[in-house]
Amino acid sequence: MGFKCGIVGLPNVGKSTLFNALTATAAAEAANYPFCTIEPNIGRVGVPDKRLDELACLANSAKIIPTQLEFVDIAGLVRGASKGEGLGNQFLAHIREVDAIVHVVRCFENPDIAHVEGEINPIRDIEVVETELMLADMESLEKRLPASEKKLRAKDLEALAQFPLMERALKLLKEGKPARFVQSSPEEREILKHLQLITSKPVLYVCNVAEEEAATGNALTEQVKELAQREGGQAAIVSAAIEAEVASLDSEEEKTEFLQSLGLSETGLARVIREGYALLNLLTFFTIGPKEARAWTVEKGAKAPQAAGVIHTDFERGFICAETISYADYVAYKGELGAKAAGKLRLEGRNYDVQDGDVFHFRFNV
């Protein structure tokens, strides 16, 4: 299981430059005018994880396969997008299909790159985009509530579950607050997901800064971080220009050297992924062998059979047990044989909660 993040923001904030760098492709044309991205561009990238490399080395794996992260580059929103301005309806529909929103905010000055609002103000920019998304959600709920109310009177089970949430979400939106702030139980949060409200999705703010501010940030990024903290969200600082430069370098040595020269220890991609994982409550487990070392992703709280199902539905259907070694034990005892000899291999059943870094071998019978 990977996850899909929609990259949104006003025009000319660096979305497509960041997308190109993250996916190391030229699929999205980065240009100094609005709507240069007319169709959403999708790019899949491997999630960098040093643990996977270490496990593969211990197992002498012939192939290394990281888990995948999917980015969808969605064209810049403008005021009036919820009413169709700037091809808004088309783009709003694409945002509904993603798991989380990566909201790129311009936190750099550059007179050569026009700003659609006339001046650099990240908090205002966030409010412009958020307002359009809230208006779109309000319109969606106002259209759906009458039909849901009819089903409610007919004692429809789905309507009984959805209608109170829809009413609470609409009330909140009318107060100028996104649907992700609706007070809800874990069961209701699952229902809220199925309503496909744009503003119910978790948001990661990505502050795009100038190269010289990538390591330290600036006064504008501090404003965005404070906003994210108030919302209980996440923020990351990235220089799209640096990411583009790193993507153009051939070797890992060159990339590391370049980053170190700027006072950076990792790429923006690594930061975005780490914050994205925290945002979506994801964790990684591994399957390790001589043929391949592979990373997989599940949500926190997933049981062992669900993890098996990520690999193949038959594994979940016929699940017997999971031979389990923690990452720390696998490394400490130099691989599977050493961990087994030390008594660190466990047989976990259907009710086992997957832990981040677990190395699994699933037993199943179909």
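Further up the page is the structure itself.
Here the residue numbers are simple positions, counted from 1 along each chain's written sequence. Totals for whole chains, interfaces and linings use every residue, but because this is a predicted model, local features are given only for residues with pLDDT of at least 70 and side-chain atom pairs only at 80 or more, for both listing and counting. Based on all heavy atoms of the structure, the side-chain values leave hydrogens and waters out of the count.

Draft legend 1. The arrangement of the pattern of salt bridges in detail. Take a side-chain nitrogen of Lys or Arg and a carboxyl oxygen of Asp or Glu: if they are within 4 Å of each other, that pair is a salt bridge. In total, this model carries 22 salt bridges according to the counting rule given. Between Arg 363 and Glu 323 there is a salt bridge; the shortest N-O distance is 2.9 Å. Separated by 40 residues along the polypeptide, Arg 363 in strand β12 (residues 359-364) and Glu 323 in strand β10 (residues 319-325) bring together distant segments of the chain. Here's how the labels work: a residue is buried when its accessible area is under 20% of the maximum for its type, exposed when over 50%, partly exposed in between, all with a 1.4 Å probe on protein chains only. Residue class for Arg 363 comes out partly exposed when judged on its relative accessible area of 38%. Note on Glu 323: relative accessible area 12%, which makes it buried. Its salt-bridge partner being Glu 348, residue Arg 346 comes within 2.8 Å of it at the nearest N-O pair. Overlapping salt bridges bring together Asp 49, Arg 51 and Asp 356 as one network. Under the scheme used here, helices are H or I runs from DSSP no shorter than 4 residues and strands are E runs no shorter than 2 residues, and both carry numbers assigned from the N terminus.

Draft legend 2. View of the pairing of strand β5 (residues 100-106). In terms of burial, β5 is largely enclosed, as seven of its seven residues are buried. Here β5 shows no split at all, with Ala 100, Val 102, Val 104 and Arg 106 on one side and Ile 101, His 103 and Val 105 on the other all buried. For two strands to be treated as a pair, DSSP must find no fewer than two bridges joining them. Bridge analysis of β5 against strand β6 (residues 203-208) gives six bridges, and the strand direction is parallel. Its bridge partner being in β6, Val 102 is matched across the sheet by Leu 204.

Draft legend 3. Representation of helix α8 (residues 240-248) in the model. Those residues of α8 that fall on the buried side of the exposure criterion are Ala 240, Ile 242, Glu 243 and Val 246. The arc that holds the buried residues of α8, viewed along the axis, is 155°, so those residues lie on one side. In this context, the arc is that of the directions from the helix axis out to the C-beta atoms.

Draft legend 4. Region of interest: the packing of helix α1 (residues 15-23) against α8. Angular values range over 0 to 180 degrees, each being the angle between N-to-C directions of two axes fitted as lines to C-alpha atoms, with helices fitted over their stretch in contact. Two elements in contact, α1 and α8, have axes whose closest approach is 8 Å; the angle formed by their N-to-C orientations is 30°. As far as their axial angle goes, α8 and α1 are roughly parallel. Seen from above, α1 lies across α8 with left-handed handedness. Here α1 contributes Thr 17, Leu 18 and Ala 21 to the contact with α8, which in turn contributes Ala 240, Glu 243, Ala 244 and Ala 247. Under the convention adopted here, Pro, Cys and the residues Ala, Val, Leu, Ile, Met, Phe, Trp and Tyr are nonpolar, Asp, Glu, Lys and Arg are charged, and Gly plus all remaining residues are polar. Each residue belonging to the contact of α1 with α8 can be placed in one class, and the counts come to five nonpolar, one polar and one charged. For classification purposes, angles smaller than 35 degrees are called roughly parallel, those larger than 145 roughly antiparallel, those between 65 and 115 roughly perpendicular, and all remaining angles oblique. Two helices crossing with the near one rotated counterclockwise from the far one by less than a right angle form a left-handed crossing, whereas a clockwise rotation gives a right-handed crossing. Here, two residues are considered to be in contact whenever any of their heavy atoms come within 4.5 Å of each other.

Draft legend 5. Expanded view of the environment of Tyr 327. As for its placement among the helices and strands, Tyr 327 is situated in helix α13 (residues 327-332). In the structure, Tyr 327 is positioned 41 residues away from Phe 286 in sequence and 8.6 Å away in space, judged by C-alpha atoms. Look past the residues within four positions of Tyr 327 in its chain and what remains in contact with it is Arg 51, Glu 54, Leu 55 and Gly 357.

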